[in-house]
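Chain and residue survey
Okay, here's what each chain looks like letter by letter:
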Amino acid sequence: IPLVEAEANALVQAMVQQSEEGADIADLFRRTHQCRLGWPQPLADAYAHAGSTWRGTSAIPGWEVGNVSIPAGIPALVMRGEHDFVSD
């Protein structure tokens, strides 16, 4: 989580420096690093109805993944977008 937060904060700071004053940095970050296709209605609905208990990095502050290998035969879906802000 600290790595994710540091990466996101660095990207936000770069956007602040490069953007016009008054720009909606949060919206720009979402459009650049989370969903470049606009907000499909199901995604907008999910965000609109999201709670706060399990949302954000504060829900898992000390979590860190190491070298994880998934044993053969255990189904897993691992997704990463080309423009994700999370480092490799």
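Right, let's walk through the structure included here.

Analysis parameters
Residues numbered from 1 in each chain as written. Predicted model: local features only at pLDDT ≥ 70, side-chain atom pairs only at ≥ 80, totals over all residues. Heavy atoms only, no water. Core = buried A, V, L, I, M, F, W, Y, C linked by side-chain atoms within 4.5 Å. Buried < 20%, exposed > 50% of the residue type's maximum accessible area, 1.4 Å probe, protein only. Helix = DSSP H or I, 4+ residues; strand = E, 2+ residues; numbered from the N terminus. Contact = heavy atoms within 4.5 Å. Patch = residues over 30% accessible without salt bridge, like charges linked within 9 Å, V, L, I, M, F, W, Y side chains within 5 Å. Areas by Shrake-Rupley, 256 points an atom, 1.4 Å probe, with all protein chains shown as cover. Salt bridge = Lys/Arg side-chain N within 4 Å of Asp/Glu carboxyl O. Phe/Tyr/Trp six-rings, centres within 6.5 Å; stacked < 30°, edge-to-face > 60°. Axes fitted to C-alpha atoms, helices over the stretch in contact; angles between N-to-C directions. Left-handed = near helix turned anticlockwise from the far one by under 90°. Nonpolar A, V, L, I, M, F, W, Y, C, P; charged D, E, K, R; others polar.

For soluble globular proteins, the rule of thumb is that nonpolar side chains tend to be buried together. In terms of nonpolar packing, the biggest core is built from five residues, these being Ala-8, Met-15, Ile-25, Phe-29 and Phe-85. Counting only elements with at least two residues in this core, the list comes to helix H1 (2-18) and helix H2 (25-34). For Met-15, the residues in contact, after removing those within four places along its chain, are Ile-25, Leu-28, Phe-29, Thr-32 and His-33.

Where nonpolar side chains cluster on the molecular surface, the patch consists of Ile-60, Trp-63, Val-65, Val-68, Ile-70, Ile-74 and Val-78 and spans about 710 Å² of accessible area. For Val-78, the position within the fold is in the segment after helix H3 (41-48).

For the rest of this paragraph, the subject is the packing of aromatic side chains. For the coordinates displayed, the defined rule picks out one aromatic pair. Between Trp-39 and Tyr-47, the ring centres sit 4.9 Å apart and the planes meet at 85°, which makes this aromatic pair edge-to-face. What makes Trp-39 partly exposed here is its relative accessible area of 29%. Look at Tyr-47 and you get partly exposed, because its relative accessible area is 37%.

For the rest of this paragraph, the subject is the pattern of salt bridges. Two side chains carrying opposite charge are able to pair once their charged atoms lie near each other. This model, assessed by the stated rule, comprises one salt bridge. Here Asp-27 makes a salt bridge to Arg-31, at a shortest N to O gap of 2.8 Å. Here Asp-27 pairs with Arg-31, and both are found in helix H2, just four residues apart, close to one helical turn. Assessed through its relative accessible area of 42%, Arg-31 is described here as partly exposed.

Tracing the sequence through the fold places His-33 in helix H2. A relative accessible area of 14% places His-33 in the buried class. Setting aside residues up to four positions removed in sequence, His-33 forms contacts with Leu-11, Met-15, His-83, Asp-84 and Phe-85.

Moving on to the packing of H1 against H2. Viewed as axis vectors pointing N to C, H1 and H2 meet at an angle of 115°, and their least axial separation amounts to 10 Å. Crossing geometry of H1 relative to H2 is assigned as right-handed. Here Ala-8, Leu-11, Val-12, Met-15 and Val-16 of H1 come into contact with H2, specifically with Ile-25, Leu-28, Phe-29, Thr-32 and His-33. Residues of the contact of H1 with H2, tallied by class, amount to eight nonpolar, two polar and no charged.

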